[in-house]
Amino acid sequence: MDWISTDPDRPAVFAFGQLATGIFAFGQLACGVIAIGQVARGVIAIGQVAVGVVAIGQAALGVVYAGGMVAVAARGFGICLKLFPKIRAERFERPEIPPVSSLAELRAGPRRQGWLLAEIEDGALRYEDADADVALSEEARETLREAAAAGHTHACVTVRVEERALPSDGGYREAAPREQIALGARMQTWREAPPKLRLEGPLTGAGGLTLRGLGLLLVVLAWWIIAGASVAGIFDRGVTVGGVWP
């Protein structure tokens, strides 16, 4: 194979002409690793009609990617029948939360109000402070139920420590005993997990993915018959030292 050729019967590294076959082919009918022409066949094909692993044209058939007025490929742009569904990575990150405390710090502090960090397990809160005993308000319990149903894994609970009088049998002259109650008034919940891949679009169930796979297999077969075998034939004899092919 020569470096440059305009003879359609002699593939070259750079091929030009109405019928061009080479590594880089430019012509009305072009076939090559990179082919540009009115009808282009190859690995990367650009033309009015393009068939390639990557194909761009008014009518394009691509294995991996294609774009055009009418196109079929795994993925692509324009009016393209996409055989591979879109994949979206759902990322779960901890939102911005206020500085958290322990229940002991809240009981001893002057404000007696702060935030506790907890994990949600089986619809209940498990605090980092293992000794935390927090009663939840109705609002907080409703938030917890919704969070558990949504698969959230963590919560930041707004807690305030209150003192309440206990019933006493001593006379009115004796001060009633008091106890401290930790009340979780509100909470913010979220999900922490590794990124989760999700398929978007129609036909993403088992049956739909099977149909998509069969369609992609047909595209690969069509590419091989139309372009792949011809491109492989360019390399049948190999390259010699010096860059001239026998």
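On a predicted model such as this, the values are computed, not experimentally measured, just so you know. (Residues numbered from 1 in each chain as written. Predicted model: local features only at pLDDT ≥ 70, side-chain atom pairs only at ≥ 80, totals over all residues. Heavy atoms only, no water.)

Quick look at the pattern of salt bridges now. Any two side chains of opposite charge can pair if their charged atoms end up close together. Taken as a whole, this structure holds seven salt bridges when the rule is applied. When the shortest N-O distance is used, the salt bridge between Glu119 and Arg126 registers 2.8 Å. Taking the relative accessible area as the measure of exposure, Glu119 reaches 31% and is therefore partly exposed. Of the charged contacts in the structure, one is a salt bridge between Glu142 and Arg145, with a shortest N-O distance of 2.6 Å. Linking Glu142 with Arg145, this pair stays in helix 2 (residues 138–149), spanning three residues, or about one helical turn. (Salt bridge = Lys/Arg side-chain N within 4 Å of Asp/Glu carboxyl O. Buried < 20%, exposed > 50% of the residue type's maximum accessible area, 1.4 Å probe, protein only. Helix = DSSP H or I, 4+ residues; strand = E, 2+ residues; numbered from the N terminus.)

A separate point is the nonpolar core. Counting 18 residues, the largest nonpolar core has Leu125, Tyr127, Leu136, Val157, Val159 and Met187 as the members making the most contacts within it. Of all the secondary structure elements, the ones that give two or more residues to this core are helix 1 (103–108), strand 10 (113–121), strand 11 (124–127), helix 2, strand 13 (154–165) and strand 14 (178–190). A total of four residues in this core trace back to one element, the largest contributor, which is strand 13. The residues touching Val159, leaving out its near neighbours within four places in the chain, are Leu103, Leu106, Arg112, Gln113, Gly114, Leu116, Val134, Ala182, Leu183 and Gly184. With 14 residues, the next largest nonpolar core counts Ala25, Ala50, Ala71 and Ala73 among its residues. (Core = buried A, V, L, I, M, F, W, Y, C linked by side-chain atoms within 4.5 Å. Contact = heavy atoms within 4.5 Å.)

With that settled, consider the environment of Leu61. Structurally, the position occupied by Leu61 is in strand 7 (residues 59–73). On the basis of relative accessibility, which here comes to 18%, the residue Leu61 falls in the buried class. C-alpha of Leu61 to C-alpha of Val220: the two residues are 159 residues apart in sequence and 9.6 Å apart in space. When sequence neighbours within four positions are dropped, the list of residues in contact with Leu61 reads Ala50, Val51, Gly52, Ala55, Val72, Val219 and Ala222.

The next thing to look at is the pairing of strand 10. Looking down a regular strand, the side chains alternate between one sheet face and the other. Where strand 10 meets strand 11, four bridges bridge the pair, whose relative direction is antiparallel. Considered in strand 11, the bridge of Ala118 is made with Tyr127. (Pairing = 2+ DSSP bridges.)

For the rest of this paragraph, the subject is unusual backbone geometry. One non-glycine residue, Asp122, lies in positive phi territory at about 55°. Tracing the chain through its elements places Asp122 in the loop between strand 10 and strand 11. Taking relative accessible area as the criterion, Asp122 reaches 84% and is therefore assigned exposed. Positioned with a positive phi, Leu203 is a non-glycine residue whose angle comes to about 55°. Residue placement: Leu203 occurs in the loop between strand 15 (193–200) and helix 3 (206–234).

Relative to the assigned elements, Val43 resides in strand 5 (residues 39–46). Between the C-alpha atoms of Val43 and Cys31, which are 12 residues apart in sequence, the distance is 9.0 Å. Dropping the residues within four chain positions of it, Val43 is found in contact with Gly32, Val33, Gly52, Val53, Val54 and Val231.

This part takes up the side chain of Ser137. You can see Ser137 is positioned in the loop between strand 12 (135–136) and helix 2. On the basis of relative accessibility, which here comes to 18%, the residue Ser137 falls in the buried class. At 2.6 Å, the side chain of Ser137 and the backbone oxygen of Ala185 are in polar contact. Setting aside residues no more than four positions away along its own chain, Ser137 makes contact with Leu183, Gly184 and Ala185. (Polar contact = N/O pair within 3.5 Å; in protein donor to acceptor, adjacent residues only side chain to side chain.)

Another point: a nonpolar patch on the surface. Together, Trp3, Ile4, Phe14, Phe16, Phe26, Ile36, Ile44, Ile46, Ile56, Val64, Tyr65 and Phe77 line one region of the surface with nonpolar side chains, adding up to about 1,000 Å² of accessible area. Elements represented by at least two residues in the nonpolar patch include exactly strand 1 (2–5), strand 2 (12–16), strand 5 and strand 7. Within the secondary structure, Ile46 sits in strand 5. Overall, Ile46 belongs to the partly exposed group, its relative accessible area being 36%. (Patch = residues over 30% accessible without salt bridge, like charges linked within 9 Å, V, L, I, M, F, W, Y side chains within 5 Å. Areas by Shrake-Rupley, 256 points an atom, 1.4 Å probe, with all protein chains shown as cover.)

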